[in-house]
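Examining the three-dimensional arrangement
If you want the building blocks of each chain, they are given just below.
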Amino acid sequence: MAKNFHRGLRIKQTIIAYIFLAIPAIILGIFTYYPMILGVVLSFFRYDFINPMKMVGFSNYAKVFGNWQFLNAMKNSFLYLLVVPPLQLLSIIMAILVNRQMKGINVFRTLYFIPVITSMTVVALSWNWMFAQKGILNYILMGLHFTSQPIGWLTDPKIALFSIMFVTMWKGLGYYMMIYLAGLQSIPFNLIEAAMIDGAKPAQVFWKITLPLLKPYAMFCSVVSTIAALNVFTEIYVMTGGGPYHSTETMGVLIYEKAFENLKFGYSSALAVILSLVLIVATMMNLKFFKEGGVQSYYG
Amino acid sequence: MKKFSDVRKFSSVMILLLTVVLLSSMVFATTTITFWTMSLKPKFTNYITSLVNGYEKLHPDVKVIWEDIPWNVEQQKLLGAIASGKVPDVVNLNADWTLDFARRGALLPLNNLLPQDVLSDYFLTMLKATSIDGKYYSLPWYVAPDVTFYNKKIFDKAGLDPNQPPKTWDEAIIDSIIIKEKTGIYGMMPTILQSSTPPSFFGDYPLLSKDGKRAIFNGPEYVHVLTKWAALYKLGYLPKEVLGKGAWTKSTELYGSGQLAMLITGPQFADRVKWNSPDIYKVSDVAPVPLGPSKTFGAAIQDLVIVKGSKYPEVAANFAAYVTNAENEIAFDKMVTIFPTRASALKDPFFSKLDGTLPTKIRVTAAKELSHVTYVIYRIPNPHELFQALNDAVSAAFLGVKTPQKALDDAAAVWNKALSGK
Amino acid sequence: MDKRKKTNYVSVMTLMIFFAIITTFPYYWTLKTSLEVSSNVYKFPPDIIPNPATFKNYTVVWNQLGLVRYYLNSILLTSVGVVVNVFLAAMAAYPLARFNFYGKKIVFFLILLPLMLPFQGGLIVNYLTLRNMHLLNTYTGVILPLAVSAFGIFLFRQAYLGIPKDFEDAARIDGAGEFYIWLRIMTPLISPTISAFAILQAITWWDIFLWPLIVLSDSQKYPLAVALMYLNSTFQTNFKYTAAGMILATLPLIIAFLFMQRFFIKGLTAGGVKY
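Residues numbered from 1 in each chain as written. Chains lettered and ligands numbered in written order. Predicted model: local features only at pLDDT ≥ 70, side-chain atom pairs only at ≥ 80, totals over all residues. Heavy atoms only, no water.

Section: the packing of helix α5 (residues 105-117) of chain A against helix α8 (residues 160-185) of chain A
All names here are of chain A. Where α5 contacts α8, the axes come no closer than 6 Å and their chain directions differ by 130°. One finds that α5 runs oblique with respect to α8. The interaxial crossing formed by α5 with α8 has left-handed handedness. Note on element contacts: α8 touches α5 through W170, K171, G174, Y175, M177, M178, L181 and Q185, opposite R109, Y112, F113, P115 and V116. The residue makeup of the contact of α5 with α8, split by class, is 9 nonpolar, 2 polar and 2 charged. (Axes fitted to C-alpha atoms, helices over the stretch in contact; angles between N-to-C directions. Helix = DSSP H or I, 4+ residues; strand = E, 2+ residues; numbered from the N terminus. Parallel < 35°, antiparallel > 145°, perpendicular 65-115°, else oblique. Left-handed = near helix turned anticlockwise from the far one by under 90°. Contact = heavy atoms within 4.5 Å. Nonpolar A, V, L, I, M, F, W, Y, C, P; charged D, E, K, R; others polar.)

So, the confidence of the model for chain A
Residue and element names in this part refer to chain A. Looking at chain A as a whole, its pLDDT mean stands at 86, while 96% of the residues score no less than 70. The lowest-confidence element of chain A is helix α9 (residues 189-197), averaging 82 in pLDDT; the highest-confidence one is helix α3 (residues 68-87), averaging 94. Low confidence marks residues 293-300, where pLDDT is under 50. Its contacts with residues over four positions away, or in another chain, come to 12 contacts. (pLDDT = per-residue confidence, 0-100.)

Re the sheet that holds strand β3 (residues 90-94) of chain B
Residues and elements named next belong to chain B. Read across the open sheet, the 5 strands follow the order β2-β1-β3-β11-β6; overall the sheet is mixed. For this open sheet the edge positions go to β2 (62-69) and β6 (139-144), each flanked by a neighbour on one side alone. Direction aside, the axes of adjacent strands within the sheet are offset by 20° on average. For strand β1 (residues 31-38) and β3, the ladder comprises 2 bridges, and the chain directions are parallel. The residue bridging F35 from the neighbouring strand is V90, located in β3. (Pairing = 2+ DSSP bridges.)

Some words on the interface of chain C and chain B
Between chain C and chain B, the residue contacts involve 24 residues of the former and 27 residues of the latter. Around 2,300 Å² of area is buried between chain C and chain B when both sides are counted, 52% of it from carbon and sulfur atoms. Where chain C packs against chain B, one counts 0 salt bridges. Taken together, the connections running from chain C to chain B amount to 3 residue pairs in polar contact (both at pLDDT 80 or more). Among the secondary structure elements, those contributing two or more residues to the side of chain C that touches chain B are α5 (120-132), α11 (210-215), α12 (224-234) and α13 (239-271) of chain C. Per element, the largest residue contribution to the side of chain C that touches chain B is 4 residues, and it comes from α12 of chain C. Looking at the side of chain C that touches chain B, its residues break down into 12 nonpolar, 9 polar and 3 charged. (Buried area = accessible area lost by both parts, 1.4 Å probe. Salt bridge = Lys/Arg side-chain N within 4 Å of Asp/Glu carboxyl O. Polar contact = N/O pair within 3.5 Å; in protein donor to acceptor, adjacent residues only side chain to side chain.)

Here we look at the layout of surface pockets
The space that makes up the second largest pocket amounts to roughly 1,600 Å³. Elements with a minimum of two residues in the lining of the second largest pocket: β1 (45-46), α2 (59-64), α3, α12 (251-260) and α13 (265-289) of chain A together with α4 (95-103), α17 (383-399) and α18 (404-419) of chain B. Looking at the lining of the second largest pocket residue by residue, the classes come out as 20 nonpolar, 11 polar and 16 charged. (1 Å grid on protein atoms, 1.4 Å probe; cavity = no way out; pocket = protein on both sides within 12 Å on 5 of 7 lines; lining within 4 Å. Points joined across faces, edges and corners; volume = space filled by probe spheres on them.)

A short note on the interface of chain A and chain C
Where the parts come together, the accessible area they lose is often given as the size of the interface. Across the contact, 84 residues belong to chain A and 86 residues belong to chain C. Each partner contributes to the roughly 8,200 Å² buried at the junction of chain A and chain C, and carbon and sulfur atoms together form 79% of this total. It is F20, F31 and W129 of chain A that lose the most area in chain A upon contact with chain C, and together they represent 11% of the buried surface on that side. Seen at the junction of chain A and chain C, the total is 0 salt bridges. The interface formed by chain A and chain C contains 12 residue pairs in polar contact (both at pLDDT 80 or more). If one sorts the elements of the side of chain A that touches chain C by residue count, helix α1 (residues 2-42) of chain A sits on top with 22 residues. Grouping the amino acids of the side of chain A that touches chain C by side-chain chemistry returns 61 nonpolar, 17 polar and 6 charged.

A word on the pattern of salt bridges
Considering all chains together, one arrives at 12 salt bridges over all chains under this definition. The closest approach of N and O atoms between D170 of chain B and K228 of chain B, which form a salt bridge, is 2.8 Å. Separated by 58 residues along the polypeptide, D170 of chain B in helix α8 (residues 169-183) and K228 of chain B in helix α9 (residues 220-234) bring together distant segments of the chain. Look at D170 of chain B and you get partly exposed, because its relative accessible area is 43%. K228 of chain B gets classed as partly exposed once you look at its relative accessible area, which sits at 30%. A salt bridge links K165 of chain C to D169 of chain C, with the shortest nitrogen-to-oxygen separation between them at 3.8 Å. The class of K165 of chain C is partly exposed, set by a relative accessible area of 47%. Residue class for D169 of chain C comes out partly exposed when judged on its relative accessible area of 31%. Here the salt bridges share partners, and the residues they tie into one network are K165, D169, R172 and E178 of chain C. (Buried < 20%, exposed > 50% of the residue type's maximum accessible area, 1.4 Å probe, protein only.)

Topic: the domain arrangement of chain A
Its domain assignment divides chain A into domain 1 (1-42) and domain 2 (60-299). Computed from C-alpha atoms alone, the centre-to-centre distance between domain 1 of chain A and domain 2 of chain A is 34 Å. (Domains from an automatic or database assignment.)

Some details on the domain arrangement of chain C
Each assigned domain of chain C is listed here: domain 1 (1-54) and domain 2 (58-270). For domain 1 of chain C and domain 2 of chain C, the distance between their C-alpha centroids amounts to 32 Å.

Observations regarding the environment of T187 of chain C
Residues and elements named next belong to chain C. Turning to its location among the elements, T187 is positioned in helix α9 (residues 178-189). Remark: the alpha-carbon pair of T187 and M91, spanning 96 residues in sequence, is separated by 9.2 Å. Excluding residues within four positions of it along the chain, T187 makes contact with Y160, W182 and I194.

Regarding the sheet that holds strand β10 (residues 284-288) of chain B
Residues and elements named next belong to chain B. With mixed pairing, 4 strands are arranged side by side in an open sheet as β8-β9-β7-β10. Taken across any chain shown, the strands that pair with only one partner, and hence form the sheet edges, are β8 (186-188) and β10. Neighbour to neighbour, the strand axes of the sheet diverge by 20° on average, direction disregarded. Against the sheet, α8 contacts β8 and β9 (260-265), and its axis sits at roughly 165° relative to β8.

Things to note about the environment of V225 of chain B
Residues and elements named next belong to chain B. With respect to the secondary-structure elements, V225 resides in helix α9. The class for V225 is buried, based on a relative accessible area of 7%. Distance from V225 to G356, taken between C-alpha atoms, is 38 Å for residues 131 residues apart in sequence. In contact with V225, not counting residues within four places along its chain, are F201, F202 and Y205.

Take a look at the structure:
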């Protein structure tokens, strides 16, 4: 009897649930899933938008192997992955700094968040000027005698990618800081109090209590920054266009170029499929790495 | 009774309405065409608007919708339009993009859309530049041959005679070295890497064998030239930005800040110096662009194309011919330093009479250069990718990643593979 | 003890000010560039303080571009975009949090999936879809593909999870329908989270650039970021004007955020943002 009741209730809830989900689901279906599927289909064709599509089987994928430009782009994307998401942990330090009752602390919080508010195009343009050979950055560094020659921030293929990584981080750290701040403030103070009464030093409190409780927030930030790192596009496109000599060309840039500059939409879709696979794997790895933790996981 | 008169009232109103609609559709039976320009707003809004109005006055049954597109997204927008089936009729492109779209079958040839006497007034070399198998795919609108715009004060400071600008590229190289050594300022920043034409210092040399089947730019003279310019870069006599994105506007920015001695570019950039950096403009002078052994050079052509799928190709062609007629070209060329694309327009003394002022001198100098300009068309598949390979070779040599010989060999291999029909 | 507290305070302040300088310096530099008289951006050594300073660049940009129109466009687009996103995300998140239904896990996964995919593929296909729906060159066409935010759904789901069951049970006993419960009772209870999400969405919509450029062909409809793009390509070699345009585009959002930041922080803290 009870089982029937529960099933009946479940069916009722299913119907209502799907009514709620209807409109968002339709929109997602048309504008997110349909392009996704079409993208995969397109990767088996050759298409330049003007002439009809031509089926080419797996040859778009085969072209990728041993292709220097592809391998270079993958290398650059992996570099981005290795540097930027881990460094997002620096925001924890910023969050700790602004997690205090101090007059005017909100000023600091806002200042750190302003890059997040600014559009990436504006950010990239500003940094473009600052990174110039005869720009303010070189002026300061040479004035302080840190270096005698102007540094080619965006013109030296060895460091251009890292200069752009800096811009990505500069713009993003405020966002992660806010999330970690929320995390810090969700830690019940009596936990910390109890630990300190027991004689724990601040460092111990940090490593043994704070960090573990921040784990779910760290997972979120890690997943988001991983996806962002692999998808990075605007700042690179505006600042260097992938140059010099493809040193800042990541997968995101390559996909765009192949589609809109070389008019190879089939090949570009194949690249996008490959990038998606990498993205899925990277996300899964993130989820596995950060096992659930934290105070509220009880109520998840 | 009332009901009947109501019906009569109603039907008479309807008949009146119908008549009005019919009449107006006859009067306003309009052909509507769409016209895209490339980054001409806001500076030339008034001029283009007057062109559109002028045409509409001459052809009351035609309505022209004008849209101005930022140049860096024009290709994508056009692609999107073609894919969607709703294309603009007349589009302003440059010669490179025109060839690109023409090769893919996206444009209509003008040979059948305009009478022969109209077509023959345009400079034949310019028509040929965007032609495939004798079919002309664009009407050239304006052209801007390069000039050398140089800062006399910097020349002075470096001990060079400000009235003797370099006449050849080798002289330009030597002057640049002297200027950098004596003043620390860069001598020149030519636009070396181009998207669908060869690197500037190869402009003099053919890239393909006479039968067009093999790439020959890895021969000894080419290696020699590349080595020379790579050495210039490595030794710091060329700004590092020369390999970067947006190099062609960077040079104008640097010149306008007094960071560059010679600006070798189209004269419309000299205008920008006048608008943005009047103090630099005051100490500048102009000379013909340095020439290589062949004494010819390429120039940028802006043109108008008719897109395939246009509903009214004849009207579109007619409008395009109107925009590029002698009178309108001259008017445009009087607003900014660009040049006409037809013989009858060039006859105007505006382009040959000096009056002692710098702007006029720039104009006359460039106009004289029009005879040195050639338009070499490369019949190669996938020009974007092939020129990218060549640019990569130049970058690799400049940066010392590969030796000039190896860099050119690798690029030649890519070209030969494509030319052999893979 | 006192001395250690003092050095602690000093080092903390130093670090905070150091970060603040790194964060704000580019804005100062852009602002300074926009106030300059002659094209001195590449002047070496560069001027730290513009001398003389002028507002002329702002008036030129304002007049030449007719910026009022674009501000209004952006305000309209942002308002509608935010409202639609909040509404749809709340609607989708609710059953995922409070109901037990068949296929729940699959739905959850399907919503997560698109987050992991690159965006370029969607551009062209969505453009063609909009064309078939005759929605090109409309704000509807701009907003519709971006109307459902997976991030928003997760955020709201988390927030809904935190509401004790008593509220909805009491409402059900009183005979209220599910939709009414959702709209009038449960959703107002997560308003801090809504504020936080709305603010993040507002930022996205104010800065949005590529998609409106592709969808809209009537330049009078362009939002601010696209107009700025025009500015950059037209005034390409004069960055004083570009800098002025950048300040004009960014300043309203910064000022708006200054007023909203209290709600924002409260919202993040209250709702909980983790998975």
